[in-house]
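# Fold and geometry: a report
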Amino acid sequence: MHRSTPWILALSLAACTHAGPNATINPAAQQSSQWEQTVDRVAKGVVQLRVTVPRDYDTEFAGAYGGTGFIVDAERGIILTNRHLVQPGPVVAEAVFLNHEEVPLRAIYRDPVHDFGFFQYDPSQVRFAEIETIPLAPEAARVGIDIRVIGNDAGEKLSILMGTLARLDRDAPIYDTLSYNDFNTFYYQAASGTSGGSSGSPVIDIEGRAVALNAGGAFFAESSFFLPLHRVVRALELIQAGQEVSRGSIQTIFRYRPFDELRRLGLPLELEKRIREQRSSQVGMLVVDELVQNGPGWDKLQPGDILLDIDGQDMADFYALDGLLDASVGKELTLNVIRGGEPKGLNVPVIDLHAITPREYIEVGGGIIHALSYQQARNYRYPVEGLYVAAPGYMLGSAGVPWGAVLRAIDGQPVRSLDELWSAIAERKDRDRMQLRYSLGFDYEQEYVAVAYLDRRWFPTRRCTLREREGIWPCIDAPPVNEAWTPKAASVSMGSESAEGAEKLANSLCIVEYHIPVAVEGIYAAHYTGTGTILDTQRGLVVTDRDTVPVLLGDLELVFGGSLRIPGKVEYIHPIHNFAIVSYDPALIGDTDVKAVELDASPLKTRDKLWLVGRDRDYNLSATEAKVERIAPLKTYSAWEPAYRQINLDAVELGASTATTLGGVLANDDGKVRALWLSYGWSETGPLFRGISVSHVQRVLQPMLEGRSPDYRSLGVELDTVKLADASEYGVSEQRLRELEKLSPDRRQVLMVARTFSGFPSSELLQGGDLVLAIEQQPVVLFEDVELASQREQVRLTVLRDGAELSVSVPTVVLDGQGTERVLNWAGMTIHEPHLAIIAQRSALPRGAYIASAAPGSPAAHYGVSPLQIITEVDGVATPDLDALVAIIRQHADNQSVRLKVVDLDGLEKMLTFKTEREFWPTAELRFTAGAWQRSDW
């Protein structure tokens, strides 16, 4: 089953038979000619819909979709289409006419249950298109009539599919158990084979009247499903009259069941006979199928009740039922039913269906929360009450609260409405702890508890309410907060009952947790956990791997003793090596007995016996005896999306018997740390852990302890190794071979330039394949030798190129330990300066602003602006950096067309276009200033 939503329909006109002037008129040819005239006329009233959904809401998800609509009132600019295109929540849409003229749309009505809704455009904005109003004729639908479905099937603009109405009393199709589904209505069925994009197409008869609305189809058959137009006509007439479209409900789902099944449910034979005599065409009756918990019919009706009449009015079909309920909002009706063969009269109140349809939402921490809808309450078997998590976003996602959860309470106080939720969060501080109680679908009674940290820094907190007649969702912002929540100081035990071999390090290892709200620099996840090693207790310095703290942007926390969690701060991220130094406030851990490790930078050798000590996934301390199996170059490979990867490192590998940890240290029996045991992400066989000598850490730590920023220089070169046995084939002289051989008896190798960093001086002076023989005339064979020699402004390398030795003077470049410090969100694109991984892993690219991601439902995503591209021009003006880009953005008005010149990471240049949209996608900037991130919207 599919709801034909994304894109549009294939043209197949019946061929016309041409006859000579004296020929007998062929009825089939005459009909074909009439169809051709009808289609030509009706096509002027059919439009292609381009729909962008900016927020997850109710049963729908953010994204860009396409479909069809048709004009039912050209004077007022009203377009009929499906509810799942008009959307229950925020929507941005435009219509494209047959002549490819486009106009913006606003959603003016979406039915709470049935799959129809209306868009509206301003007729004065249509300058060239010839418009045709398509009349609605639900009474013309009959089994056996020929129909045409005119729309945009499978992405093809204007297609015409033929069919014959086969059934007028089909059950509403079921698309998904947790998605939108229509109910309490008949559907029509025909074998027309519609597909994605044909949603909202008119189903017309030969006279050009719409007899139904295309809604969906079967995946594995040619069947198409059409919505009858009886309730559509009523809604349109009320809208045209400027009146509200009343909709009544008893929160009960009925099914139309044939008489043979009704007999088994207890319908008396005499009653069946009387009904058949009175209405010879009737073949069944409405039966109660489902009841929504605590709804008006919950404690009165029962599944299997056969509906005879309501207040004496026959309820032969859904049209009669809908009509009476819609006219009876706020009243009490008497439903006469047959239950188990016995008649019963039941008084049931009719409620306003619009009142139980969410019309506002709260956006907090990147997530969306609104009232639980009738649709999802029915899917979940819940009462229509509580708050529904349409999108967990960063805040709730970090707490483990999933999509579809229903919030019940915050800090023990019930939150049954958006008013209560707004009161609970609007004035709290950033990072304030909240204990959430929630339920999951199909398990209403079971409750779960999670702790969320309120986000007031990374994302806006606001409440948005629908004005349906205007088709807009204006928002109010929560009051600004200028400070973050800080926990009270506490003391804990670090765990004295340690495993053998871990006693001396039990008080030196903590857990580091990092949560990243915005994807930058090619990171692959939003939440990371690893082991931290305490380097200095006075300043609270801790070292961890870059697979735990990959970028500067995020929320950091440290856990001591498995029981005390406090905030932390990122101090330094090594640009080349796989470690980051973070800090905590020592005052927050009170008298907790923490100790800094003692580092021993003496070189490791194969067969050295060590202790691998770390924290496992349960945050417990673990220790395992290990032996250095080998020390060898670490091989990592560039990913499709440039992200940090370790290069130029001789890594420590252990034997097969190693503990399962989140990282840790390799230490002697006396507790002195020789190497850090760090995660390097994933390999084909699972998590990749290797050791790195603490000498690298010492070179960064010392200036930090002295109050200086580490001054790390790089040649901007990725090196590989060539076996000494192969070096002579590259032209290395016998004398050079002997010199290199003496340097490291265990490492018979020569260093080779694998690639240079784009834009670095090395990219102009060195070439791939150069063999590095010496630096400042001193032979080198190890990565660390090159790194140490490169910590000066310029170094002289002796390289072998094409069989000849060359002396090349190469300036070095200072690499900071911060990375991305400024992030722009524009039209849904996350943009920052090209990060080091792009420079290191891709060849020469132009200067510009890097598109790290494009959010679903954003203008950028809707118009096909892909991430992993560099913006070089906007509207013909160069954008070599973020400052230039921001200056241009500030000049753009809302809903303005923009030309974007981009270059992808393979160097292919393209010109893209899109329109800005600031109601849901305002421009925002995150900037690291004075040691903290600040957000500004404009």
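Residues numbered from 1 in each chain as written. Predicted model: local features only at pLDDT ≥ 70, side-chain atom pairs only at ≥ 80, totals over all residues. Heavy atoms only, no water.

### A word on the sheet that holds strand β3 (residues 63-73)
Our working definition: Following DSSP output, two strands are said to pair if at least two bridges run between them. In DSSP terms, a helix is any run of H or I states spanning at least four residues, a strand is any run of E spanning at least two, and both are numbered starting from the N terminus. Orientation is described by lines fitted to C-alpha atoms, with helices fitted over the stretch in contact, and by angles between N-to-C directions that extend from 0 to 180 degrees.
On the basis of which strands lie adjacent, the closed barrel formed by six strands has the order β2-β3-β4-β7-β6-β5 and antiparallel pairing. Ignoring which end each strand starts from, the neighbouring axes of this sheet average 40 degrees apart. Bridge count for strand β4 (residues 78-81) against strand β7 (residues 117-120) is four bridges, and the pairing is antiparallel. Its bridge partner being in β7, Thr 81 is matched across the sheet by Gly 117.

### Side note on the state of the cysteines
Stated precisely, the cut-off is as follows: Disulfides are defined in this document as cysteine sulfur pairs within 2.5 Å. The classification of residues rests on relative accessible area computed with a 1.4 Å probe and restricted to protein chains. Under 20% of the type maximum is buried, over 50% is exposed, and intermediate values are partly exposed.
What the rule picks out here adds up to one disulfide. Disulfide partner of Cys 464: Cys 475, at an S-S distance of 2.0 Å. The sign of the 105 degrees torsion about the S-S bond sets the Cys 464-Cys 475 disulfide as right-handed. Of this pair, Cys 464 sits in strand β29 (residues 462-465) while Cys 475 sits in strand β30 (residues 475-477); the two residues are eleven residues apart in sequence, bridging distant segments of the chain. Given the relative accessible area of 31%, Cys 475 is considered partly exposed.

### Brief notes about unusual backbone geometry
Phi is positive for Tyr 619, close to 70 degrees, though the residue is something other than glycine. Relative to the helices and strands, Tyr 619 resides in the loop between β37 (609-615) and β38 (621-633). Unlike most non-glycine residues, Ala 930 shows phi in positive territory, near 55 degrees. Looking at the secondary structure, you find Ala 930 in the loop between β58 (924-929) and β59 (932-937).

### A closer look at the pattern of salt bridges
Two side chains carrying opposite charge are able to pair once their charged atoms lie near each other. In plain terms, the rule: Salt bridges, as used here, are contacts in which a Lys or Arg side-chain nitrogen is within 4 Å of a carboxyl oxygen on Asp or Glu.
Under the criterion given, the structure shown has 68 salt bridges. A salt bridge links Asp 326 to Arg 231; the nearest nitrogen and oxygen atoms lie 2.6 Å apart. Of this pair, Asp 326 sits in helix α6 (residues 318-326) while Arg 231 sits in helix α3 (residues 230-240), and the two are 95 residues apart along the sequence. Accessibility classification places Asp 326 together with Arg 231 in one group, the buried group.

### Let's talk about helix α5 (residues 269-278)
Helical geometry: 3.6 residues make up each α-helical turn, so side chains three or four residues apart lie on a common side. For clarity, the cut-off: The directions from the helix axis to the C-beta atoms form the arc being described. In this analysis, two residues are considered to be in contact whenever any of their non-hydrogen atoms come within 4.5 Å of each other.
Turning to α5, its buried residues number three or more, namely Leu 271, Glu 272 and Ile 275. One side of α5 holds all its buried residues, which, seen down the axis, span an arc of 100 degrees. Exposed positions of α5 whose direction lies more than 90 degrees from the buried face are Leu 269, Glu 270, Lys 273 and Glu 277. Those residues of α5 that are buried are in contact with α4 (259-264), β16 (284-291), β17 (306-310) and β19 (332-339).

### Re the packing of aromatic side chains
Stated precisely, the cut-off is as follows: Here is the rule: rings of Phe, Tyr and Trp (six-membered ring for Trp) pair when centre to centre is within 6.5 Å. Planes less than 30 degrees apart are stacked, more than 60 are edge-to-face, and the remainder are tilted.
Tallying each qualifying case throughout the model produces 25 aromatic pairs. Relative to Trp 403, the ring of Phe 61 has its centre 5.6 Å away and its plane inclined at 45 degrees; by these criteria the two rings are tilted. Of this pair, Phe 61 sits in the loop between β2 (46-53) and β3 while Trp 403 is found in the loop between α8 (393-399) and β25 (406-410), placing the two residues 342 residues apart along the sequence. A residue is classified by how much of its surface remains accessible, and Phe 61, at 39% relative accessible area, is partly exposed. Owing to a relative accessible area of 31%, Trp 403 belongs among the partly exposed residues under this scheme. When the centroid spacing of 4.8 Å and the interplanar angle of 70 degrees are considered together, the rings of Tyr 382 and Tyr 444 count as edge-to-face. Taken together, the positions of Tyr 382 in the loop between α7 (374-380) and β24 (387-391) and Tyr 444 in strand β28 (residues 443-453) put the pair 62 residues apart, joining distant regions of the chain. Its relative accessible area of 0% is what places Tyr 382 among the buried residues. Connected via pairs of aromatic rings, a cluster forms that spans Tyr 380, Tyr 382, Tyr 388, Phe 442 and Tyr 444.

### Points about empty space enclosed by the protein
Gaps left between atoms are located by rolling a probe of water-molecule size over the structure's atoms. Formally: Definitions used for this entry: grid spacing 1 Å over protein atoms alone; cavity, a set of points where a 1.4 Å probe fits but cannot get out; pocket, an open set with protein on both sides within 12 Å along at least 5 of 7 lines; lining residue, one with an atom within 4 Å of a point. Grid points are joined across faces, edges and corners, and a volume is the space filled by probe spheres set on the points. The classification used treats Ala, Val, Leu, Ile, Met, Phe, Trp, Tyr, Cys and Pro as nonpolar, Asp, Glu, Lys and Arg as charged, and all other residues, Gly among them, as polar.
Counted according to the given criterion, the structure contains eight cavities of 30 Å³ or more. Here the largest cavity is characterised by a volume of approximately 180 Å³. Around the largest cavity sit 17 residues that line it, and Asn 648, Leu 715, Val 717, Val 786 and Glu 787 are the ones nearest its centre. Contributions of two or more residues to the lining of the largest cavity are made by β43 (712-714), β44 (717-723) and α14 (783-789). Of the residues that constitute the lining of the largest cavity, the class distribution is nine nonpolar, six polar and two charged. In this structure, the second largest cavity occupies an estimated 120 Å³ of space. Those elements that place two or more of their residues in the lining of the second largest cavity are β14 (248-249), β15 (252-258) and α6.

### So, the environment of Ile 692
Along the polypeptide, Ile 692 turns up in strand β42 (residues 686-693). In this structure Ile 692 comes out as buried when scored by relative accessible area, which is 0%. Considered as a pair, Ile 692 and Trp 677 are 15 residues apart in the sequence and their alpha carbons are 6.7 Å apart.

### Comments concerning the environment of Ile 131
Note that Ile 131 resides in the loop between β7 and β8 (146-151). Under the relative-accessibility criterion, Ile 131 is labelled partly exposed at 25%. As a C-alpha pair, Ile 131 and Arg 41 span 90 residues in sequence and 9.3 Å in three-dimensional space.

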